[in-house]
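Structural features, examined
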Amino acid sequence: MVRAHGLRGEVVVELWSNRPERRQPGAELIARLPDHERPLVVLASRPFGPGAQDPVSRWLVRFETVSDRTAAEALRGAVLLGQPIADPDALWVDELCGARLVDPTGRPVGEVRAVLANPASDLLELADGRLLPLRFVVGRTDEGFVVEAPAGLLDDPPS
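Parameters and conventions
Residues numbered from 1 in each chain as written. Predicted model: local features only at pLDDT ≥ 70, side-chain atom pairs only at ≥ 80, totals over all residues. Heavy atoms only, no water. Pairing = 2+ DSSP bridges. Helix = DSSP H or I, 4+ residues; strand = E, 2+ residues; numbered from the N terminus. Axes fitted to C-alpha atoms, helices over the stretch in contact; angles between N-to-C directions.

1. A few points about the sheet that holds strand β4 (residues 37-47)
In space, the six strands of this open sheet follow the order β1-β2-β5-β4-β3-β6, with antiparallel pairing throughout. The open sheet is flanked by β1 (3-5) and β6 (79-82), the only strands paired with a single partner. On average, adjacent strands in this sheet sit at an angle of 50 degrees to one another, irrespective of strand direction. In this sheet, strand β5 (residues 57-63) lies alongside β4 in antiparallel orientation, the contact comprising five bridges. Residue Val-42 lies in a different strand from β5, and its bridge partner there is Phe-63.

Listed below in structure tokens is the structure:
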């Protein structure tokens, strides 16, 4: 939470989630503060400022138990956490790191060393140093993930 906004308890929230249900009325969140945690329920939210539709954006949020500026100021700097959302199609960094990648025919492509944030598409950094945009992951296997990359993208790096 960035700061209070106005006199009626709205808070400017920097949102790092692509899940709209996190900001919808009724969403239950936990505000993690330095010395305690506090449950909060979203009453309303709306985009705030330029770039409001970007993956990282600012929103004005009203919570059930935050009704004035003093209560909103007390939340400054809190980190909002939500319960895990079951989504079989979601890809999680902890699942990707160390995972083996194969092409659609089952041919090994490499192992993921890291996931790098990138504005156009997060990148999978492979153990051999090659980079692969996350958007080319098209499925799962028991051992890892299937990637379908354009011809030439996964060719061996030049010697």
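From this point, the discussion proceeds with the structure in view.
2. Regarding the sheet that holds strand β8 (residues 108-116)
A sheet is described by the order of its strands in space; here six strands give the open sequence β10-β9-β8-β7-β12-β11, paired in mixed fashion. Each end of this open sheet is capped by a strand with a single partner; those strands are β10 (131-133) and β11 (137-140). Going from strand to strand, the sheet's axes swing by 40 degrees on average, the running direction of each strand aside. Alignment of strand β7 (residues 100-102) against β8, held across three bridges, turns out to be antiparallel. Pairing of Val-102 across the sheet is with Pro-108, part of β8.

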